Amino acid sequence: MTDPQAVSLATEDIRTSSLYNEDLAPVSPNRRTWGTYNYAALWISMSVNIPTYLLASGMIAGGMSWRQALFTVFLGNVLVLIPMLLNAHAGAAYGIPFPVFARASFGVLGANVPAILRALVACGWFGIQTWIGGQAINAMLIALSPGWQHFAFGTAVCFGFFWLLNVLVIARGIETIRFLQGVSAPFLLLIGLALLLWAKAKAGGFGPMLSTPSKFQTFAEFFRFFIPSLTGVVGFWATVSLNIPDFTRYARSQKDQMLGQALGLPATMTFYSFIGIAVTSATLIIFGQALWNPVDVLSRLGNPLAVVIAMIALIMATLNVNVAANVVSPANDFSNLSPRHISFRMGGLITCIMGIVMQPWKLMSSYGSYIFGWLVGYSGFLGPIAGVLICDYFVIRRKNLSTHDLYQRGGLYEYSRGINWQAVAALAAGAGVAFIGLFVPTLHVLYNYAWFVGFAVSFLAYLVLMRKVEPLAQTAS
C-alpha cells in the first residue's frame, strides 16, 4: 500500500500531467486533519435535513405503520453503510477523490463515465435541496410579513437567494464545509427534538401520534411496498457511498473515518426519520390532514417568531447537506473532465446551474415520484458503479493502487486508450438488468431491487470479465 509520504512525493512528478490539478491531487499528510468527530458531525448535519424527513413521512403516507417505517429506514442505512465504508478506504489510504479512484477500474479517461453519472444525480439533489431551502425562506418571509404571499415571484426570488448562498459557501472551499458541519450539528439535533416535543404536546402525547395502524392487511401487501421503500433508503445515500473518498481523503486514519461514519449515519438517520414519522402522524390529529412536507407543518405554527426560528434551522440544515453531499462530489467530477481547465470552484458552479436545469419542482411533485421514481430510479445506475469499484479495489487489486499511474497517460490504468471496456460493460449489464423491470411488467421486481440487483450483476460481471483478460500487475508502490 502506498504510504502518505510517497503520495506527497509522487505529486511532484505528475504536476505537468493533463490528468492533474490541485483539487484532484492526493491530499498531503499535513492536511489530513479530519477526526472521528468531524465524520460523525458530517453525517449528523447531512442526515438532519428535509429530504430525510420526507423519506420517512412518505412511507407513512404510503401506508406503513411507524414501526414498519422506522425499521425500513434503519435497515436501509445499515446496508448502505457497508459500501460506504468499503469505498471510503481508498480515500483514507491514498488521499484521492472519487473520480481519481474510479480511474483504477474504469481507466484514466473511462472514469468520466461513472463520475458524470454520479454528478448528474448530485445536480438533481442540489436542485431539490435548493428548492426546499427557497420554500423555507419564503415561508419565513410570509410569517414576518403576510403580504409577501401575494407577491407573484416570491418563491422564485427565495429560490434564487438560497441558490446564491450555496454559491458563496462553494467559493470559500472545503474548510468552510468542515466548519459548518462541526458548528451546526449539535444545534440541529436540538431543533429536531424541539419539533418532536411540539408535535407531542399538540397531539396529546406519543400514544395518539403513533396510533395509526398499517394499511397493509397481509405480509405480502406490506412486502410489495417494503422492498422499493428499502431500495429508496439505500438509494438515498447511494450517491455519497460512491464519492465518500472526497471526504475520507482528509482523514487522520482509517479508524477515524470508519468509527465516525458508523456512529453518525444509521443512528442520526433513524432518529430524524422518527421525527418525520411522528410529526406526520401528529398532523392528522392537529390539522385534520397528513402533511408530509415539514415546511407546510412549520408554516402553520401560528406564532411568527416560532416560524422564523424553525425556518432558520431548516435553512441551515439544507445549506449544510446541500454543499457537503451535493456539491463536493460533482465539482470534483466535472473537474475530472478537464483538470487543466475546470477547477473545484468552476465544477461547483456547473453543479449549481445544472441543479436549476433539472427542474427540482417536478421531482418533488409527490411522495411517490420522490421515493419510487427519483430514489429507486437513479439507484439502478449507482449500484452497478459501486459493484465495479468495490470488486476492482478489494478483489482484483487487493487494495493496492499506484498513485502515480492514476494521474498519467500510458500507465497501468491506460487500458484501451484510457478506457477499461470491461468496467463499462459490467456497468451496462448491471444497469440493464435493474431497469428491464420498467419495460417488462413480469420483471418489475428487478426494478424494485434496482440498487441491489445492479450491484450484484456488475460485481460478478466485472470479476468474470477481468479474469478473462491478462492478469493485472499487483502494485504496491
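(A) The overall build of the protein chain, seen in detail. For the protein chain, the helix and strand inventory stands at 22 helices and 0 strands. Here the protein chain holds 477 residues, and 59% of them are scored as buried. Contacts spanning at least 24 positions in sequence make up 84% of the contacts within the protein chain whose residues lie at least 6 apart. Of the roughly 17800 Å² of accessible surface on the protein chain, a fraction of 68% belongs to carbon and sulfur atoms.

(B) Main features of helix α7 (residues 112-144). With 33 residues, α7 extends 47 Å between its outermost C-alpha atoms, agreeing within 8% with the 48 Å of an ideal straight helix rising 1.5 Å per residue. With 25 of 33 residues buried, α7 lies mostly within the body of the structure.

(C) Just helix α13 (residues 254-286), in detail. An ideal rise of 1.5 Å per residue puts 48 Å on 33 residues; α13 measures up with 47 Å between its terminal C-alpha atoms. Phi turns positive one or two residues past the end of α13, at glycine 288, with a value near 85°.

(D) How the structure looks around the pattern of salt bridges. Tallying each qualifying case throughout the model produces 3 salt bridges. Arginine 397 is the salt-bridge partner of aspartate 392, the closest N and O atoms lying 2.9 Å from each other. The exposure class assigned to arginine 397 is buried, which follows from its relative accessible area of 2%. Between arginine 409 and glutamate 414 there is a salt bridge; the shortest N-O distance is 2.7 Å.

(E) The packing of helix α4 (residues 66-94) against helix α11 (residues 219-243), seen in detail. It is at 8 Å that the axes of α4 and α11 come closest, and there the two elements cross at 35°. As for how α4 packs across α11, the hand of that crossing is right-handed. Residue-level contacts link Gln68, Phe71, Thr72, Val73, Leu75, Gly76, Asn77, Leu79, Val80, Pro83, Met84 and Asn87 of α4 to Phe222, Phe226, Ser229, Leu230, Val233, Val234, Trp237, Ala238, Val240, Ser241 and Leu242 of α11. Looking at the contact of α4 with α11 residue by residue, the classes come out as 16 nonpolar, 7 polar and no charged.

(F) Local environment of the side chain of aspartate 405. Residue placement: aspartate 405 occurs in the loop between α19 (367-396) and α20 (421-435). Buried and unpaired, aspartate 405 has no salt bridge, with arginine 397 as the nearest side chain of opposite charge at 8.4 Å. Apart from the residues lying within four places of it in its own chain, the contact partners of aspartate 405 are Val108, Gly411, Leu412 and Tyr413.

(G) The confidence of the model for the protein chain, seen in detail. Averaged over all residues, the pLDDT of the protein chain is 83; the fraction at 70 or higher stands at 89%. Within the model, the stretch residues 1-10 combines pLDDT values under 50 with 22 contacts to residues more than four positions away or in other chains. Note on residues 473-477: pLDDT is under 50 here. Beyond four places in sequence and across chains, it has 17 contacts.

(H) Quick look at a nonpolar patch on the surface. On the surface, Phe151, Phe153 and Val157 cluster together into a nonpolar patch covering about 300 Å² of accessible area. When you line up the elements, phenylalanine 153 lands in the loop between α7 and α8 (154-172).

(I) Fine view of the nonpolar core. Counting 129 residues, the largest nonpolar core has Trp237, Met311 and Leu401 as its most contacted members. Within the second largest apolar cluster, 6 residues are counted, among which are Val376, Ala434, Tyr447 and Ala450.

(J) Representation of the packing of α4 against α13 within the structure. Running from N to C, α4 and α13 cross one another at 160°; their axes reach a closest spacing of 9 Å. Here α13 runs roughly antiparallel to α4, going by the angle between their axes. In the crossing of α4 with α13, the sense of the turn from one axis to the other is right-handed. Of the residues that constitute the contact of α4 with α13, the class distribution is 20 nonpolar, 7 polar and no charged.

(K) Quick peek at the packing of aromatic side chains. Under the criterion given, the structure shown has 27 aromatic pairs. Between the aromatic rings of tryptophan 43 and tryptophan 237, the centroid separation amounts to 4.9 Å while the plane-to-plane angle is 85°, which identifies the pairing as edge-to-face. Of this pair, tryptophan 43 sits in helix α2 (residues 36-47) while tryptophan 237 is found in helix α11, placing the two residues 194 residues apart along the sequence. Tryptophan 237 matches tryptophan 43 in its accessibility class, with the two residues each being buried. Clustering of aromatic rings is evident, with ring pairs tying together Phe71, Phe216, Phe219, Phe222, Phe223, Phe225 and Phe226.

(L) Structural view of the state of the cysteines. One pass over the structure, following the stated rule, counts 0 disulfides. For cysteine 352, which is in no disulfide, the shortest distance to another cysteine sulfur is to cysteine 123 and amounts to 8.7 Å.

(M) View of the environment of serine 145. The residue serine 145 is located in the loop between α7 and α8 in this model. Expressed as a C-alpha distance, the spacing of serine 145 and proline 304, which sit 159 residues apart in the sequence, is 9.2 Å.

Analysis parameters
Residues numbered from 1 in each chain as written. Predicted model: local features only at pLDDT ≥ 70, side-chain atom pairs only at ≥ 80, totals over all residues. Heavy atoms only, no water. Helix = DSSP H or I, 4+ residues; strand = E, 2+ residues; numbered from the N terminus. Buried < 20%, exposed > 50% of the residue type's maximum accessible area, 1.4 Å probe, protein only. Contact = heavy atoms within 4.5 Å. Areas by Shrake-Rupley, 256 points an atom, 1.4 Å probe, with all protein chains shown as cover. Expected span 1.5 Å × (residues − 1). Salt bridge = Lys/Arg side-chain N within 4 Å of Asp/Glu carboxyl O. Axes fitted to C-alpha atoms, helices over the stretch in contact; angles between N-to-C directions. Left-handed = near helix turned anticlockwise from the far one by under 90°. Nonpolar A, V, L, I, M, F, W, Y, C, P; charged D, E, K, R; others polar. Lys, Arg positive; Asp, Glu negative; His and termini not counted. pLDDT = per-residue confidence, 0-100. Patch = residues over 30% accessible without salt bridge, like charges linked within 9 Å, V, L, I, M, F, W, Y side chains within 5 Å. Core = buried A, V, L, I, M, F, W, Y, C linked by side-chain atoms within 4.5 Å. Parallel < 35°, antiparallel > 145°, perpendicular 65-115°, else oblique. Phe/Tyr/Trp six-rings, centres within 6.5 Å; stacked < 30°, edge-to-face > 60°. Disulfide = S-S within 2.5 Å.

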